[in-house]
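Summary of the model geometry
The lines below spell out each chain.
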Amino acid sequence: MCSPRIDITSPSDVADQKDLLVAQSGEVKSNAYSTLPLTFNHALTAVRFVCGEDMKKGVVKSISLKNVVSRARYFMSSQTGSEPWYRFSNELKTYTQTLNQTVTGTPGEAITNDAQTLMMIPQKLNGRAELEVVFVDEKNNEYTLT
């Protein structure tokens, strides 16, 4: 029997991204109809951004995750044990959010809200992956941080 699989392509727009919950019962040895307990797990990685220790007061104009995997296949049979994700495309993508979020610089302060949480394919970042933040400080100096 072939393992069920799900092919995922993460949309560019965060508003179009959905969470993926998976559960499996394992082998059921019964002819009777009965209830089965299922434990659901998140298959994707939620990515949010918060201020770090050295963050200054200002405006975060945008945040980009560059050169990350955007397409992969999830194998249900691998939920417990081996890696369930198989990357079937070499296509790397950039995800950019225009925020214009004013921050006080307090450590742990949210830069993105719940609706701006990226739902990403879990991955080990390659040497080309980058986080880019466009930031304007209180003196109106703009910086691009990578």
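Preceding this paragraph is the structure being described.
This write-up is about the structure you can find in this document. (Residues numbered from 1 in each chain as written. Predicted model: local features only at pLDDT ≥ 70, side-chain atom pairs only at ≥ 80, totals over all residues. Heavy atoms only, no water.)

**Some thoughts on the sheet that holds strand β10 (residues 130-137)**
- Judged by pairing direction, the sheet is antiparallel, and its four strands sit side by side in the order β8-β5-β10-β11 without closing on themselves. Each edge of the open sheet carries a strand with a single partner, namely β8 (92-103) and β11 (142-145). The sheet shows a mean angle of 10° between the axes of neighbouring strands, direction not considered.
- Of the strand pairs in this sheet, strand β5 (residues 58-69) and β10 are connected by eight bridges, and their pairing is antiparallel. Within β10, the position partnered with Val59 by the bridge is Val136. (Pairing = 2+ DSSP bridges. Helix = DSSP H or I, 4+ residues; strand = E, 2+ residues; numbered from the N terminus. Axes fitted to C-alpha atoms, helices over the stretch in contact; angles between N-to-C directions.)

**A word on the nonpolar core**
- Phe49, Val60, Ile63, Val103, Ile111 and Leu118 are the most contacted members of the largest nonpolar core, which has 15 residues in total.
- Counting residues per element, this core draws most heavily on β5, at four residues.
- Residues within four places of Phe49 in sequence aside, it is in contact with Ile63, Leu65, Ala110, Ile111, Thr112, Leu118 and Leu131.
- One finds Leu20, Ala72, Tyr74 and Ile121 within the second-largest nonpolar core, a separate group that totals eleven residues. (Core = buried A, V, L, I, M, F, W, Y, C linked by side-chain atoms within 4.5 Å. Buried < 20%, exposed > 50% of the residue type's maximum accessible area, 1.4 Å probe, protein only. Contact = heavy atoms within 4.5 Å.)

**Overview of a nonpolar patch on the surface**
- A cluster of nonpolar residues, Leu21, Leu38 and Phe40, forms a patch on the protein surface that exposes about 300 Å² of accessible area.
- By the element assignment, Leu38 lies in the loop between β2 (21-22) and β3 (41-42). (Patch = residues over 30% accessible without salt bridge, like charges linked within 9 Å, V, L, I, M, F, W, Y side chains within 5 Å. Areas by Shrake-Rupley, 256 points an atom, 1.4 Å probe, with all protein chains shown as cover. Salt bridge = Lys/Arg side-chain N within 4 Å of Asp/Glu carboxyl O.)

**A few points about the sheet that holds strand β6 (residues 71-75)**
- In space, the three strands of this open sheet follow the order β1-β6-β7, with antiparallel pairing throughout. In this open sheet, the two strands that pair with only one neighbour each are β1 (5-9) and β7 (85-86).
- Where β6 lies against β7, two bridges are found, and the strand directions are antiparallel. Of the residues in β7, the one forming a bridge with Arg73 is Tyr86.

**Overview of the side chain of Gln17**
- Looking at the element boundaries, Gln17 is found in the loop between β1 and β2.
- When its relative accessible area of 8% is taken as the criterion, Gln17 is described as buried.
- Reaching out from Gln17, the side chain makes a polar contact with the backbone oxygen of Pro11 at a distance of 2.8 Å.
- Polar side-chain contacts of Gln17 include one of 2.8 Å to the backbone nitrogen of Met119.
- Residue contacts for Gln17: discarding those within four places in its chain leaves Pro11, Ser12, Tyr95, Thr117, Leu118 and Met119. (Polar contact = N/O pair within 3.5 Å; in protein donor to acceptor, adjacent residues only side chain to side chain.)

The quantities given are spatial measurements derived from coordinates; they are silent on function.
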